[in-house]
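What follows is each chain in one-letter form.
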Amino acid sequence: MAGTIIAVENLTAAYGDNVILKDVTFSVREGEIFAIVGGSGCGKSTLLKYMIGLYRPERGRVLVNETDFSSADEDEINRERLRLGVLFQSGALIGSMTLGENVALPLREHTSLPPSLIDRIVKMKLGMVNLSGYENHLPAELSGGMKKRAGLARAMVMDPKILFCDEPSAGLDPVTSAELYRMLAKINGDMGTTMIIVTHDLELIFRIVHRLVMLDGREKGIVAEGEPETLRRNASDPRVRHFFTHGGGLL
Amino acid sequence: MKEARTARSFSLAVKERRSQEIELSVGGELCLENAHLFSGEMDRLVGGAPQGKVILDLSPLAYLDSAGALAVYSYREAAGHRGVEVDVYGGADRVRGVLEMIDVGALTTPPLRSEEGRTPFFVRAGEGFVSLWRDFVEVMTFLGELLTALVYVVRHPKGARWGDVLFYMKRAGEEALPIVGLISGLIGLIMAFMSSLQLKQFGANIFVASLVGIAVVKELGPMMTAIIVAGRSGSAFAAEIGTMQVNEEVDALITMGFEPVRFLAVPKVLAAVFVVPLLTIYSMFFGILGGLIVGVVGLDLTFYTYIKQTMDSIRLFDIFSSLVKSAVFALLIAGIGCQRGFKVAGGAEAVGESTTSAVVSAIFLIILADSAFAVLLHYID
Ligand SMILES: Nc1ncnc2c1ncn2[C@@H]1O[C@H](COP(=O)(O)OP(=O)(O)O)[C@@H](O)[C@H]1O
Ligand SMILES: [Mg+2]
């Protein structure tokens, strides 16, 4: 079994006095596709932001690639972040820049590659997400699914070891989301990228996810952890059973 | 029913009255339009304070919507408090379906967060003061970050996004030229006209030139320009960064290893600091031009005497100090605009709030800084 790449230990997540998650502990293994599921507003995105070092844990620890986000200094966190890719919920492309510029952004900032090579890398990455030829389009000129794919290309441009995705299939039609899952599964298979995906899409969970944790807003913590198939068959908790039979939409 | 018949109405009829029980049938349509009448009608038929049990037969009911069902539940609940049991039976499938749809638990669940109650005056005043103080600390912290980023850019000029700087110079500068020119010209005109009414009486026409010149160069030029830039660009900066914050673009920049202040705020601040002094010169020129028009047309001064008098009354030092002042205004306007943008959390309405706050705070800071400069220049001079 591959080693642990992310460890969350007794994490308490809060906005000011408003505690969202309490004493959350789990770990992600290298190379797996790991899902965080749960109802709307239960703190999935918040947890993700702790895992990418946007928020600092006040209680508990978050270890990513052995960097401890609770004690590391700013420089260490920045260095670690360069090995992470993040696909935000709406793509989060910079609105004033073309797709090409968006995808090239990390390369321009963190590498000293010549512009011609950067252009080629951008073309390659856009091709990988079926957006060849769109490098001069502005984000506003694209559909939701295309924005997400472009966001994926940008997240993958530095070939990160770990990719985080926040609700990659939210707002997409079934055909487009199926295409996106294929892409994610392919990236995982070909490059061994560890993926942490926030979702409540059962289709995605059963097709590509290896392991998951389920959060609950009332418990402020994890109510289930394991492989999707096992959970579906053996879960005793009614919330978990309900999720696996009805999907996240009704939660 | 006594009420004027609406399009839809329900009817109640007593079927049977026993000693401890009363059975009624509900017919017609019980819905949103008439649900509020239900309990009144019931009380009228059942009579003052019945004891025991009320039985409702819904079989004759042709239509029931969720508001109607709620009326039935509310009646049952109210009766329950008086110790009267209410039984409901019968009804077509649709009617039963609607009745079952109502989640009785949801009606009585207390809100997870209690309503914002009235807080005493002193508590509110205290909270207001605390949040004002917190805001001040945040602004100062941001200003510190901004200055650090500016120093970094001065030391590593290659690291700045000069393309963006040019873009914002065009936005905040070039596109503001017409409005700055127009307003300054009009202010010069008005000031010359109003002062000439007084000065004419003493035959001191020529001093209109000095008055307009000094006022425009020392105060009104920098101030009006700054206020226009605050309205045009300070708000735009706040809205732009705020929207990026809402769309998680700022988070995305951080995760890609960018410093959001350096990436987003520095180009805007640099552009403003470059461009506002230039706009100020332009504003001074148009202010004096406005005065000149009144002087030449209305006061029979010659072009030459007006210009000569203006030149005599303003010194190079005044122009120079005004430019320094306007650069400081620019820093404040762009800085507070960006800070308000970064502070946005939530959705679209938070962006609107931050935009308003950017303009109001910028104007406040401009006036504050202007007063400080007035005192400072008095001693330097
Ligand atoms: N920036 C913020 N400031 C304060 N509260 C927040 C913020 N972002 C999210 N929250 C609150 O935290 C809770 C969890 O939000 P989130 O993690 O976005 O949920 P989700 O599971 O839907 O992604 C919600 O109740 C939300 O209101
Ligand atoms: Mg979310």
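The residue count restarts for each chain, going from 1 along the sequence in the order it is written. For naming, the first written chain is A and the first written ligand is 1, with later ones following in the order written. pLDDT decides what is reported in this predicted model: residues at 70 or higher carry local features, side-chain atom pairs at 80 or more are listed and counted, and totals for whole chains, interfaces and linings draw on all residues regardless. Only hydrogens and water are set aside when side-chain values are computed; all heavy atoms of the structure are taken into account.

Caption draft 1: Structural context of the overall build of chain A. Labels follow the DSSP assignment, with helices taken as runs of H or I lasting at least four residues and strands as runs of E lasting at least two, numbered in each case from the N terminus. When helices and strands are counted, chain A shows nine helices and ten strands. Here chain A has a C-alpha radius of gyration of 18 Å; the compact-globule value for 251 residues is 18 Å, and the two agree. Considering only C-alpha atoms, chain A reaches an extent of 55 × 45 × 40 Å along its principal axes. Counting every position in chain A, which comprises 251 residues, the buried fraction comes to 54%. Contacts are residue-level and defined by heavy atoms, with any inter-residue pair within 4.5 Å sufficient. Residue pairs at least 24 apart in sequence account for 63% of intrachain contacts in chain A once pairs closer than 6 positions are excluded. Just so you have it, chain A exposes about 11200 Å², and 47% of that area is on carbon and sulfur atoms. His is not counted here, nor are the chain ends, while Lys and Arg score as positive and Asp and Glu score as negative. Charge positions come from single atoms, namely NZ of Lys, CZ of Arg, CG of Asp or CD of Glu. Taken together, the 29 basic and 32 acidic charged side chains of chain A have centroids lying 3 Å from each other. For a compact globule the rule gives 2.2 Å times the number of residues to the power 0.38, and the radius of gyration it is set against comes from C-alpha atoms. Three labels apply to residues, based on accessible area from a 1.4 Å probe with only protein chains included: buried if under 20% of the type maximum, exposed if over 50%, partly exposed otherwise in between. Residue exposure ignores everything except the shown protein chains as possible cover, and the areas themselves are Shrake-Rupley values with a 1.4 Å probe.

Caption draft 2: The arrangement of the overall build of chain B in detail. Tallying secondary structure elements over chain B gives 13 helices and five strands in all. Whereas a compact globule of 381 residues would reach a radius of gyration of roughly 21 Å, chain B reaches 36 Å, over 25% beyond that. Across its three principal directions, the C-alpha atoms of chain B cover 110 × 60 × 40 Å. For chain B, the proportion of its 381 residues judged to be buried stands at 44%. Sequence-distant contacts in chain B: of pairs separated by 6 or more residues, those separated by 24 or more amount to 80%.

Caption draft 3: Fine view of the sheet that holds strand β7 (residues 162-166) of chain A. Residues and elements named next belong to chain A. Two strands pair if DSSP finds at least two bridges between them. Read from one edge to the other, the open sheet built from six strands follows the order β6-β7-β8-β3-β9-β10, with strand pairing classed as mixed. Two strands in the sheet have a free side with no partner beyond their single neighbour: β6 (84-87) and β10 (221-226). Here the average twist between neighbouring strands, direction ignored, is 15 degrees. Judged from the five bridges that link them, strand β3 (residues 33-38) and strand β9 (residues 211-216) form a sheet pairing that is parallel. By the bridge assignment, V37 is partnered in β9 with M214. In this description, a line fitted to the C-alpha atoms serves as the axis of each element, helices being fitted only across the stretch in contact, and the angle between N-to-C directions of two axes falls anywhere from 0 to 180 degrees.

Caption draft 4: Spotlight on the domain arrangement of chain B. Boundary definitions for the domains trace back to an automatic or database domain assignment. Looking at the assigned domains, one finds that chain B contains domain 1 (10-108) and domain 2 (128-380). If you average the C-alpha positions of domain 1 of chain B and of domain 2 of chain B, the two centres end up 69 Å apart.

Caption draft 5: Structural detail: the domain arrangement of chain A. All names here are of chain A. Once the domains are mapped, chain A shows domain 1 (1-22 + 35-40 + 53-81 + 209-251) and domain 2 (93-193). The gap between the C-alpha centroids of domain 1 and domain 2 is 25 Å. Between Lys or Arg on one side and Asp or Glu on the other, a salt bridge is scored when a side-chain nitrogen of the former is within 4 Å of a carboxyl oxygen of the latter. Where domain 1 packs against domain 2, one counts zero salt bridges. Two N or O atoms form a polar contact when they lie within 3.5 Å of each other; inside protein one atom must be a possible hydrogen donor and the other a possible acceptor, and for residues adjacent in sequence the pair counts only when both atoms belong to side chains. For the pair domain 1 and domain 2, the number of links is one residue pair in polar contact (both at pLDDT 80 or more). The residue makeup of the side of domain 1 that touches domain 2, split by class, is three nonpolar, two polar and no charged. Only Asp, Glu, Lys and Arg are considered charged, only Ala, Val, Leu, Ile, Met, Phe, Trp, Tyr, Cys and Pro nonpolar, and every remaining residue, Gly among them, polar.

Caption draft 6: Examining the environment of F142 of chain B more closely. Within the secondary structure, F142 of chain B sits in helix α5 (residues 121-155). Here the alpha-carbon distance between F142 of chain B and A71 of chain B, two residues 71 residues apart in the chain, equals 56 Å.

Caption draft 7: Representation of the packing of aromatic side chains. Stacked, tilted and edge-to-face are the three classes applied to pairs of Phe, Tyr and Trp rings, where Trp contributes its six-membered ring and a pair requires centres within 6.5 Å; stacked means planes under 30 degrees apart, edge-to-face means over 60, and tilted covers the rest. One pass over the structure, following the stated rule, counts 15 aromatic pairs over all chains. Ring geometry for Y168 of chain B against F237 of chain B: centres 5.7 Å apart, planes inclined by 90 degrees, an arrangement best described as edge-to-face. Taken as a pair, Y168 of chain B in helix α6 (residues 162-172) and F237 of chain B in helix α8 (residues 207-246) lie far apart in primary sequence, 69 residues in all. Across the pair, F237 of chain B and Y168 of chain B agree in class, each one buried. Directly above the aromatic system of F206 of chain A lies the positively charged group of R232 of chain A, at a separation of 4.5 Å from the ring centroid. Each ring is checked for a lysine NZ or an arginine CZ that lies within 6 Å of its centre and within 35 degrees of its normal; such an atom marks a charge sitting over the ring.

Caption draft 8: The arrangement of a nonpolar patch on the surface in detail. On the surface, I179, L182, L186, I190, F193, M194 and L197 of chain B cluster together into a nonpolar patch covering about 650 Å² of accessible area. By the secondary structure assignment, F193 of chain B is in helix α7 (residues 177-199). Patch definition: residues with relative accessible area over 30% and no salt bridge; like charges joined within 9 Å; nonpolar side chains (Val, Leu, Ile, Met, Phe, Trp, Tyr) joined within 5 Å.

Caption draft 9: How the structure looks around the interface of chain A and chain B. On the chain B side, the residues contacting the 20 residues of chain A number 14 residues. Reported buried area values correspond to the accessible surface (1.4 Å probe) lost by two parts on association, with both partners' losses combined. Regarding the contact of chain A and chain B, the summed buried area is about 1500 Å², with carbon and sulfur atoms giving 63% of it. Taken together, the connections running from chain A to chain B amount to two salt bridges. A salt bridge links K49 of chain A to E248 of chain B; its shortest N-O distance comes to 3.5 Å.

Caption draft 10: Molecular detail of the site of ligand 1. Residue and element names in this part refer to chain A. Neighbouring residues are identified by heavy atoms, a residue being near a molecule or strand if any of them is within 4 Å of it. The environment of ligand 1 is formed by Y15, I20, G39, S40, G41, C42, G43, K44, S45 and T46. Contact between ligand 1 and G43: an oxygen atom at 3.0 Å from a main-chain N or O atom of the residue. A distance of 2.6 Å is found between an oxygen atom of ligand 1 and a side-chain nitrogen or oxygen belonging to S45. Residue contributions to the shell around ligand 1 peak at three residues, all from helix α1 (residues 44-51). Looking at the shell around ligand 1, its residues break down into three nonpolar, six polar and one charged.

Caption draft 11: Up close: the environment of H137 of chain A. All names here are of chain A. Tracing the backbone through its elements, the reader meets H137 in the loop between α4 (115-128) and α5 (144-155). When the C-alpha atoms of H137 and G100 are compared, they prove to be 7.9 Å apart, with 37 residues separating the residues in sequence. When near neighbours in sequence (up to four residues on either side) are disregarded, H137 contacts T98, L99 and L142.

Caption draft 12: The arrangement of the confidence of the model for chain A in detail. pLDDT runs from 0 to 100 and stands for how confident the predictor is about each residue. Overall, the predicted model of chain A reaches an average pLDDT of 87, with 97% of residues at or above 70. Within chain A, the element-level pLDDT minimum falls on helix α9 (residues 238-246) of chain A, averaging 81, and the maximum on strand β8 (residues 194-198) of chain A, averaging 94.

Caption draft 13: Local environment of the pattern of salt bridges. All names here are of chain A. For the structure shown, the criterion picks out 39 salt bridges over all chains. Note that E135 is salt-bridged to K123, the shortest N-O span being 2.4 Å. Taken as a pair, E135 in the loop between α4 and α5 and K123 in helix α4 lie far apart in primary sequence, twelve residues in all. Look at E135 and you get buried, because its relative accessible area is 15%. With a closest N to O distance of 3.5 Å, R233 and E229 form a salt bridge.

Caption draft 14: Here's a closer look at the sheet that holds strand β4 (residues 59-64) of chain A. Reading across from one edge, β2-β1-β4-β5 (chain A) is the order of the four strands in this open sheet, with antiparallel pairing throughout. If you trace the sheet from one side to the other, it starts and ends with β2 (18-29) and β5 (67-68) of chain A, each paired once.

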